[in-house]
Structure formats: C-alpha cells, structure tokens
Amino acid sequence: MGILFSLNTSAQEWDWATSVHYSVGIPTGDLKDFTDNTSGRGAIFEARNFRSDQFSIGFSIGWQVFKDRLEGTFSQEGQDITGTQVRYVNTLPIMITGHYYLGDPGSVRPYLGAGVGTVRSLQRTDVGLFTLSNNNWHFGFYPEVGVYIPVSFDMGINVAAKYNYGIATSDSFDYTYLALSVGFTWLN
C-alpha cells in the first residue's frame with residue numbers, strides 16, 4: 001500500500017500510483033463477538049497522489065468478508081431462534097487517505113498513513129429458512145503502518161497493516177478489524 005518512485009522536480013507535475021492488495025481480516029471487539037473467524041477474503045484498491053517525496057494524498061476502497069458457523073440459540077431484535085447459524089459480515093470501507101514516507105525515493109520505504117470516510121456494513125444471519133439482516137453506513141477511519149519495496153522502476157510490493165474502525169450506529173455495533181495486506185503498486 002505504500003508507494004515510492006522518483007518525482008519530477010517541477011512542482012506543477014503530480015505523480016500517481018495505484019495499488020491492488022490481497023487482505024486478511026482479523027475481527028476485534030463487537031465484530032469478533034459476532035463472527036470470530038479470521039477472514040482470508042479481502043481486497044483493497046488504492047490510488048495515491050504524491051505531493052512531495054514524503055507525503056501523498058489519495059483514496060482507498062476495500063472489501064472484507066467475515067463468516068462464522070455456530071450451533072445454538074441466537075437472539076436479535078427480540079427474537080430467539082435455535083439451530084445452525086451461519087453469520088456473514090461484508091464491510092466496504094471507502095476512505096480519503098494521507099501517507100507519510102520515511103527514507104529516500106528509490107529505496108525500501110516504511111510509511112505511516114491514515115484514512116477517514118465511510119464504511120458500508122452488510123450483516124446477515126441465516127438460520128434454516130430464516131434470515132436476519134442489518135445493513136448500515138458508518139463513519140469510519142483507520143491508522144496504517146506499512147513498507148514499500150521497489151521491484152523495478154515502475155512497480156513495487158507493499159506490505160501493510162490497517163486497523164479499520166466503523167463507528168456504531170443506532171442499530172448496529174462497531175465494525176473493527178485488523179487488515180493485513182500485501183499487494184502490487186504500479187507507478188504512473
């Protein structure tokens with residue numbers, strides 16, 4: 001998710017980089033209470049605009065699916081249902097981002113970042129023929145730490161960790177999880 005490349009010396013030229021990542025999600029907090037399984041089903045797309053050698057702004061769109069299978073009684077909205085439960089949560093964080101890069105252009109560069117925006121949550125519980133669902137938009141944010149490793153002049157590998165936080169709404173809990181990702185970045 002971090003991006004590095006040599007910048008033109010002209011202050012009027014902006015350099016862009018795009019990234020695609022595979023993401024593993026580890027649920028925390030209330031999300032862990034609802035579905036306790038680590039998710040290997042995630043992806044992140046990012047675009048970053050370098051404003052200087054050390055700072056970029058951009059946007060990020062992610063997707064992470066959590067799934068858990070339970071036996072027992074489930075209570076939601078005043079209803080108790082007993083049986084095999086399959087719980088799903090899809091999260092879609094859409095964020096404006098900023099990143100600060102350490103080190104020199106052309107080398108391996110650790111970075112720190114943050115995102116702020118919205119998180120769409122799609123929560124569903126299937127029990128036999130019954131489905132209970134709760135779909136919401138949340139205010140969201142994340143801190144991030146990562147490292148960019150150049151592979152060629154116009155491509156690199158990123159390794160990053162984000163703590164995604166979708167703040168609870170009046171009818172849903174906080175959606176929090178740690179996203180560990182690895183991906184490729186193409187420089188434009």
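To continue, consider the overall build of the chain. Across its full length, the chain holds 1 helix and 8 strands. Traced from its N-terminal end to its C-terminal end, the chain shows the element sequence β-α-β-β-β-β-β-β-β. The principal-axis extent of the C-alpha atoms belonging to the chain is close to 65 × 30 × 20 Å. Expressed as a percentage of the 188 residues in the chain, the buried residues total 43%. A separation of at least 24 residues holds for 63% of the contacts in the chain among residues at least 6 apart in sequence. Taken as a whole, the chain presents about 9,200 Å² of accessible surface, with 62% of it coming from carbon and sulfur.

What follows is about the pattern of salt bridges. Applying the stated criterion across every chain, the model contains 5 salt bridges. Residue Arg124 pairs with Asp126 through a salt bridge whose shortest N-O separation is 3.0 Å. Under the relative-accessibility criterion, Arg124 is labelled partly exposed at 35%. Within the structure, one salt-bridge network assembled from shared partners comprises Glu46, Arg48, Glu144 and Lys162.

Turning next to the side chain of Ser60. As for its placement among the helices and strands, Ser60 is situated in strand β3 (residues 55–76). In terms of polar contacts, Ser60 uses its side chain to reach the side chain of Lys162, at 3.3 Å. Beyond its immediate sequence surroundings of up to four residues, Ser60 is in contact with Ile44, Phe45, Glu46, Pro93, Ile94, Met95, Thr97, Tyr142 and Lys162.

Structurally, Ile96 is set in strand β4 (residues 79–101). Separated by 35 residues in sequence, Ile96 and Ile61 place their C-alpha atoms 9.1 Å apart.

On to the confidence of the model for the chain, then. Overall, the prediction assigns the chain a mean pLDDT of 89, with 91% of residues at 70 or greater. In the model of the chain, β3 stands out as the element of lowest mean pLDDT, 91, in contrast to strand β2 (residues 41–50), which has the highest, 97. Confidence drops under a pLDDT of 50 for residues 1–14, and excluding neighbours within four residues, the segment shows 52 contacts in the predicted structure.

According to the stated counting rule, one finds 8 aromatic pairs in the structure shown. Where Phe45 meets Phe59, the ring centres are 6.1 Å apart and the plane angle is 50°; that geometry is what we call tilted. Placement of Phe45 in strand β2 and of Phe59 in strand β3 is noted, with a sequence separation of 14 residues between them. By relative accessible area, Phe45 is classed as partly exposed at 35%. Of the aromatic side chains, those joined through ring pairs into one cluster are Phe34, Phe173 and Tyr175. Above the ring of Tyr111, the side-chain terminus of Arg48 is found at 5.2 Å from the ring centroid. For the cation-ring pair, Arg87 lies above Phe34, with the distance from its terminal atom to the ring centre recorded as 5.0 Å.

The next point concerns the nonpolar core. Of all hydrophobic cores here, the largest spans 12 residues; its members are Leu31, Phe34, Phe66, Phe74, Ile81, Val89, Val127, Leu132, Phe173, Tyr175, Tyr177 and Ala179. Where this core is concerned, the elements lending two or more residues are α1 (29–34), β3, β4 and β8 (175–187). The leading source of residues in this core is β8, at 3 residues.

Calculation rules
Residues numbered from 1 in each chain as written. Predicted model: local features only at pLDDT ≥ 70, side-chain atom pairs only at ≥ 80, totals over all residues. Heavy atoms only, no water. Helix = DSSP H or I, 4+ residues; strand = E, 2+ residues; numbered from the N terminus. Buried < 20%, exposed > 50% of the residue type's maximum accessible area, 1.4 Å probe, protein only. Contact = heavy atoms within 4.5 Å. Areas by Shrake-Rupley, 256 points an atom, 1.4 Å probe, with all protein chains shown as cover. Salt bridge = Lys/Arg side-chain N within 4 Å of Asp/Glu carboxyl O. Polar contact = N/O pair within 3.5 Å; in protein donor to acceptor, adjacent residues only side chain to side chain. pLDDT = per-residue confidence, 0-100. Phe/Tyr/Trp six-rings, centres within 6.5 Å; stacked < 30°, edge-to-face > 60°. Lys NZ or Arg CZ within 6 Å of the ring centre and 35° of its normal. Core = buried A, V, L, I, M, F, W, Y, C linked by side-chain atoms within 4.5 Å.

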